[in-house]
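# Results of the structural survey
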Amino acid sequence: MMRNIVGLIAALVIGAGAHAATLAELSNTDAAGGLKQALNEGSIAAVAKLGVENGFFGNPKVKIPLPPSIQRVEGALRAIGMRRQADELVLTMNRAAEAAVPEAKQLLVEAVKKMSVQDAKGILTGGDTAATEYFKRTTQGELTKRFLPIVKKTTDRVGLAQQYNSLAGQGAAIGLIKEDQATIEGYVTTKALDGLYYMIAEQEKAFRQNPLGASSDLVKKVFGAIR
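Computed from a predicted model, the values in this text were never measured in an experiment.

With that settled, consider the environment of Ser 69. Along the chain, Ser 69 turns up in helix 4 (residues 68-71). Overall, Ser 69 belongs to the buried group, its relative accessible area being 17%. Residues Ser 69 and Tyr 164 lie 95 residues apart in sequence; the distance between their C-alpha atoms is 9.2 Å.

Structure (structure tokens):
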């Protein structure tokens, strides 16, 4: 059951002799422990960067734009004097995401604790975002449930959001608008999760590409061996 994780990794990277030799020196405990520390650090850092004022709004890589259906008529809205309302909606959507993201911290930590040996093997030998994909599989459904009411509470205060929900709901019913864009809160929740997983992926890539930048010696040891 507890086959040596390092042995599997060494076999997969046997072409890189020096790396394989280094990996072989790691124990199961070190390999799994280093991985879990890295995932904890990376996910918590991602939440910390996003779950503050301007975490989304001030970051062009994750800033949430108007829904596509509004973007198509954005020029017209601004032309008829609704520029302020459009800007208010963009700001509110991003503020809603910033308010919701801290809810992710506990679930991400729990996902790391529940990680199986097989999960760890797949992540250690996977691509640059293997850990991020693990988080998506294990947390996306529950995070959607937790984010939605927080996002809705914030966006409900904006008149244009309520108008959008009324019209978009009708559009979704006849197939003109995608289901995940049928409400502002649904759209923002999806985009907030996209932003969260994007930031986690960035943290993961950083660990893999520069292990010495990690704060833990064990994380440096494990990811340094993989490289």
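In this section: unusual backbone geometry. Phi is positive for Asn 54, close to 75°, though the residue is something other than glycine. Turning to its location among the elements, Asn 54 is positioned in the loop between helix 3 (28-50) and helix 4.

The tally for this structure, following the rule as stated, stands at 1 aromatic pair. Between Tyr 134 and Phe 135, the aromatic rings sit 6.0 Å apart at their centres with planes inclined by 55°, giving tilted as the arrangement. The pair Tyr 134 / Phe 135 is uniform in exposure class, with both members buried. If you follow Lys 63 out to its NZ or CZ, it ends over the ring of Phe 57, 4.4 Å from the centre.

With 67% of its residues at a pLDDT of 70 or more, the chain has an overall mean of 78. Long-range and interchain partners of residues 1-24, a stretch whose pLDDT sits below 50, account for 32 contacts in this model, where long-range means more than four residues apart.

Further remarks concern the environment of Leu 196. Within the secondary structure, Leu 196 sits in helix 11 (residues 184-209). The exposure class of Leu 196 is buried, given its relative accessible area of 0%. When near neighbours in sequence (up to four residues on either side) are disregarded, Leu 196 contacts Ala 46, Val 47, Leu 50, Val 101, Ala 104 and Leu 143.

What follows concerns the side chain of Asn 59. Considering the arrangement of structural elements, one finds Asn 59 in the loop between helix 3 and helix 4. In contact with Asn 59, other than residues within four places in its own chain, are Asn 54 and Met 199.

For the rest of this paragraph, the subject is the packing of helix 9 (residues 130-155) against helix 11. Packing of helix 9 against helix 11 leaves a shortest axis separation of 8 Å and a crossing angle of 145°. Between helix 9 and helix 11 lies a crossing of right-handed hand. Taken together, the residues that form the contact of helix 9 with helix 11 break down as 15 nonpolar, 7 polar and 5 charged.

All right, on to the pattern of salt bridges then. Working definition: two side chains of opposite charge can pair if their charged atoms are close together. Taken as a whole and judged by the stated rule, the model has 7 salt bridges. One salt bridge connects Asp 156 with Lys 152, and the closest N-O pair in it is separated by 3.3 Å. Measuring nitrogen to oxygen at the nearest pair gives 3.6 Å for the salt bridge that ties Glu 185 to Lys 152. Here the residue Glu 185 occupies a position in helix 11, and Lys 152 occupies one in helix 9, the gap between them amounting to 33 residues. Sharing partners across several salt bridges, the network here consists of Glu 53, Arg 95 and Glu 98.

On to the packing of helix 6 (residues 83-100) against helix 11, then. One can describe the packing of helix 6 onto helix 11 by two numbers: an axis separation of 9 Å at closest approach and a directional angle of 55°. In terms of orientation, helix 6 and helix 11 fall into the oblique class. Crossing of helix 6 against helix 11: the hand is right-handed. Together, Leu 89, Met 93, Ala 96 and Ala 97 of helix 6 and Ile 184, Tyr 187, Val 188 and Ala 192 of helix 11 make up the contact between the two elements.

Looking now at the side chain of Thr 154. Residue position: Thr 154 is located in helix 9. Assessed through its relative accessible area of 14%, Thr 154 is described here as buried.

Scoring rules and cut-offs
Residues numbered from 1 in each chain as written. Predicted model: local features only at pLDDT ≥ 70, side-chain atom pairs only at ≥ 80, totals over all residues. Heavy atoms only, no water. Helix = DSSP H or I, 4+ residues; strand = E, 2+ residues; numbered from the N terminus. Buried < 20%, exposed > 50% of the residue type's maximum accessible area, 1.4 Å probe, protein only. Phe/Tyr/Trp six-rings, centres within 6.5 Å; stacked < 30°, edge-to-face > 60°. Lys NZ or Arg CZ within 6 Å of the ring centre and 35° of its normal. pLDDT = per-residue confidence, 0-100. Contact = heavy atoms within 4.5 Å. Axes fitted to C-alpha atoms, helices over the stretch in contact; angles between N-to-C directions. Left-handed = near helix turned anticlockwise from the far one by under 90°. Nonpolar A, V, L, I, M, F, W, Y, C, P; charged D, E, K, R; others polar. Salt bridge = Lys/Arg side-chain N within 4 Å of Asp/Glu carboxyl O. Parallel < 35°, antiparallel > 145°, perpendicular 65-115°, else oblique.

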